[in-house]
Amino acid sequence: MADTAAEPLIAGRPAVPRNDCGDGYVEDESALVRPGRFIWVLTFCAGVSGLLFGYEYVLLFLLHRLYINKQCKTVLKANAQASTGVISSTLVSVGSDLSARPLTTLDKSLITSATSFLALLASPLTGVLADTVGRKPVILAADILFVVGALWQAWTSSVGGMIAGRGVVGAAVGSASFVVPLYIGELSPGPWRGRMVTISSLFITAGQVVAYAVGWWFSATAHGWRWMVGIGALPALLQFVMLFLMPETPRWLVRAGKKQAARRVLVKIYEGAEGVNVERLVNGVLRRVEKETLDEEDIVVGRREVGSVKHGLSAKIGRVQENFAQLIGIGGNRRALIIACMLQGAQQLCGFNSLMYFSATIFAFVGFRSPTLTSLSIATTNFVSTLVAFHYIDRIGRRRILLLSIPFMVLGLILCALAFNFLNVPMESNDTQPRDAGPTPDKTWPLVILTSMIVYVAGYAIGLGNVPWQQSELFPLSVRSLGSGLATATNWGSNTLVGLTFLPMIQLFTPTGTFLVYALVCVGAWVAVRRMYPETAGLGLEDVGEVLRDGWGVEESVRRAKARRGT
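Residues numbered from 1 in each chain as written. Predicted model: local features only at pLDDT ≥ 70, side-chain atom pairs only at ≥ 80, totals over all residues. Heavy atoms only, no water.

As a further point, take the overall build of the chain. The number of helices and strands found in the chain is 22 helices and zero strands. Counting over 567 residues, the chain shows a buried share of 58%. Counting only contacts in the chain whose residues sit at least 6 apart along the sequence, the fraction spanning at least 24 positions is 83%. Accessible area of the chain: about 23,000 Å², with a carbon and sulfur share of 65%. (Helix = DSSP H or I, 4+ residues; strand = E, 2+ residues; numbered from the N terminus. Buried < 20%, exposed > 50% of the residue type's maximum accessible area, 1.4 Å probe, protein only. Contact = heavy atoms within 4.5 Å. Areas by Shrake-Rupley, 256 points an atom, 1.4 Å probe, with all protein chains shown as cover.)

Structure representation (structure tokens):
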């Protein structure tokens, strides 16, 4: 093991013993047999934020769909009344509960866009904050925002109040969506880091199912939408209480000069681990984190001008500027940012959310009697496929799982486009009624649409739905929070872009052309992954930076991954 551990990560770089404790003995995380109970508890406690994220995502999805379905009546000229199902039928009552008037198109647009817009703004800002005060306080702040936003929406009586409440929740979602995977990633042992971060995605899909169930439960209740949005405060309150039992990440503690506190956390993480000497492993991890921190400080000092030392607020602002300079100016950091932003952008630009917004309307149009049930089948596919990702993401690797799953997305989108071509959806602006499909409409192509969407969603959940959230492992400690925040902002920005362009694309290219465009995006993402994304599965957080230091490191990382798997 010692010889393998000492092998350089990148050809041409000097070999550095990994986790050398000063006595010639090398201890490595790869020798761990299984993670301890402590890290499982921490991961599940942090994953509650994913439950909140998923719950609020479905509320956003249903609010957006309520708005978009009205537009689809003009674009598709089809009766979409049944397409929103029991949940959004309750949300229609929002129009009589706020400001004592029906909601206008502008009202609906602002309500549905407030969440994603505030999430877009919050991600980079809290990225800076997480470096300054730590990862745990940002999760705590997100919990507070979730509670305030949920109760605000439940009690508001005006459109402006609803918009503000959705905005507060958006700030919470934007913060939690990047800091929770970062928190879990910095706590998890390398061999299980992918699976641990994927647990957050499992909670997201579970939150979506909970939202559907809650919506169904209150579908026949007067003002049931208030209960729907208000219940979102409960998981946040639960996590707020659990948070006091959760430690800060050892990486941030070392960077903050709290080495002994970091040691205590690492001992708990590796406590009871089989196959390793815990004390030596903890010492080795601490040394590597300290070395990375010192190397980063040397870079920062080398970039400062003599006499530029600042204090107080100016020092903090200067530190943020230095982090931005490091992120953009250093080749390895810049490559990490490009990869993270590419993956997060592809996750949204592939059209997943638009397909979800649009699906029930199409299902109603093509003759499915219960569009809500078809949507539930899609949600179930999403959850089950995320379990597949959980099982395989560390076994076969992030890069490989993307290269294997994206082609299924392409296949699903092409089949969907083909089906729409044969369905001949009416698009003329003067066609105000659905076309007569005849006394016995052919159900073949509607079934093809459902099948293609299941294939697409399965491929998405296994790959692009999960792998981009492994982003924090790409960045060195000094810029990890900032880089993750900017990549998450790319996700929300792309989400907003797709939401704005979907209906115009339907009008311009027809549904067939639109889904072919999304298929081309998936093909482009596959090519980018193949050329730029190195394999990081099994590597320690301090090792990934070595892979990207002098280039993309794809060939070398793949070779080493095969060696670790014994293939």
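The rest of the description comes next.
With that out of the way, let us pick up the environment of G257. The residue G257 is located in the loop between α11 (250–255) and α12 (259–270) in this model. Its relative accessible area of 64% is what places G257 among the exposed residues. Separated by 33 residues in the primary sequence, G257 and E290 place their C-alpha atoms 9.6 Å from one another.

Take E186: it is sitting in helix α7 (residues 159–187). When sequence neighbours within four positions are dropped, the list of residues in contact with E186 reads R135, T249, P250, R251, W252, L477, R480 and L541.

A few words now on the nonpolar core. The biggest cluster of nonpolar side chains holds 56 residues, and the ones touching the most others in it are L402, Y456, L474, F475, F515 and Y533. When residues of this core are traced back to their parent elements, those giving at least two are α15 (331–349), α16 (352–366), α18 (398–423), α19 (444–462), α20 (480–532) and α21 (541–548). Considering every element that reaches this core, the biggest residue donor is α20, with 15 residues. Residues A172, V254, I269 and Y270 belong to the second largest nonpolar core, which totals 55 residues. (Core = buried A, V, L, I, M, F, W, Y, C linked by side-chain atoms within 4.5 Å.)

This next bit is on the side chain of R335. Its place among the elements puts R335 in helix α15. One buried charged residue, R335, forms no salt bridge at all, with the nearest opposite charge on D550 at 5.7 Å. Reaching out from R335, the side chain makes a polar contact with the backbone oxygen of L548 at a distance of 3.0 Å. In this structure the side chain of R335 is engaged in a polar contact, spanning 3.4 Å, whose partner is the backbone oxygen of G551. (Lys, Arg positive; Asp, Glu negative; His and termini not counted. Salt bridge = Lys/Arg side-chain N within 4 Å of Asp/Glu carboxyl O. Polar contact = N/O pair within 3.5 Å; in protein donor to acceptor, adjacent residues only side chain to side chain.)

Turning to the packing of α18 against α20, a few remarks are in order. Viewed as axis vectors pointing N to C, α18 and α20 meet at an angle of 165°, and their least axial separation amounts to 8 Å. Overall, the two elements α18 and α20 adopt an arrangement that is roughly antiparallel. Judged by the sense of rotation from one axis to the other, the crossing of α18 with α20 is left-handed. (Axes fitted to C-alpha atoms, helices over the stretch in contact; angles between N-to-C directions. Parallel < 35°, antiparallel > 145°, perpendicular 65-115°, else oblique. Left-handed = near helix turned anticlockwise from the far one by under 90°.)

With that settled, the discussion passes to the pattern of salt bridges. Oppositely charged side chains may form a pair once their charged atoms are brought near each other. This model, assessed by the stated rule, comprises 13 salt bridges. The closest approach of N and O atoms between E542 and R251, which form a salt bridge, is 3.1 Å. With a gap of 291 residues between them, E542 in helix α21 and R251 in helix α11 connect regions that are remote in the sequence. The class for E542 is buried, based on a relative accessible area of 11%. When the shortest N-O distance is used, the salt bridge between D543 and R288 registers 2.4 Å.

Our next topic: unusual backbone geometry. Phi is positive for T510, close to 70°, though the residue is something other than glycine. Relative to the elements of secondary structure, T510 occurs in helix α20.

In this section: a nonpolar patch on the surface. A surface patch of nonpolar side chains, amounting to about 260 Å² of accessible area, comprises I144, V148 and W152. Along the chain, the position of W152 falls in helix α6 (residues 135–155). Exposure remark for W152: the relative accessible area of 39% places this residue in the partly exposed category. (Patch = residues over 30% accessible without salt bridge, like charges linked within 9 Å, V, L, I, M, F, W, Y side chains within 5 Å.)

As a further point, take the packing of aromatic side chains. By the definition in use, this model includes seven aromatic pairs. Measuring from ring centre to ring centre gives 6.3 Å for F352 and Y456, while their planes differ by 25°; the resulting arrangement is stacked. One end of the pair, F352, is in helix α16; the other, Y456, is in helix α19, and 104 residues separate them in sequence. Each member of the pair, F352 together with Y456, is buried. Between the aromatic rings of F515 and Y518, the centroid separation amounts to 6.2 Å while the plane-to-plane angle is 55°, which identifies the pairing as tilted. Within this pair, F515 and its partner Y518 are both found in helix α20, separated by three residues, close to a single helical turn. (Phe/Tyr/Trp six-rings, centres within 6.5 Å; stacked < 30°, edge-to-face > 60°.)

Limitation: the analysis is restricted to geometry and does not speak to function.
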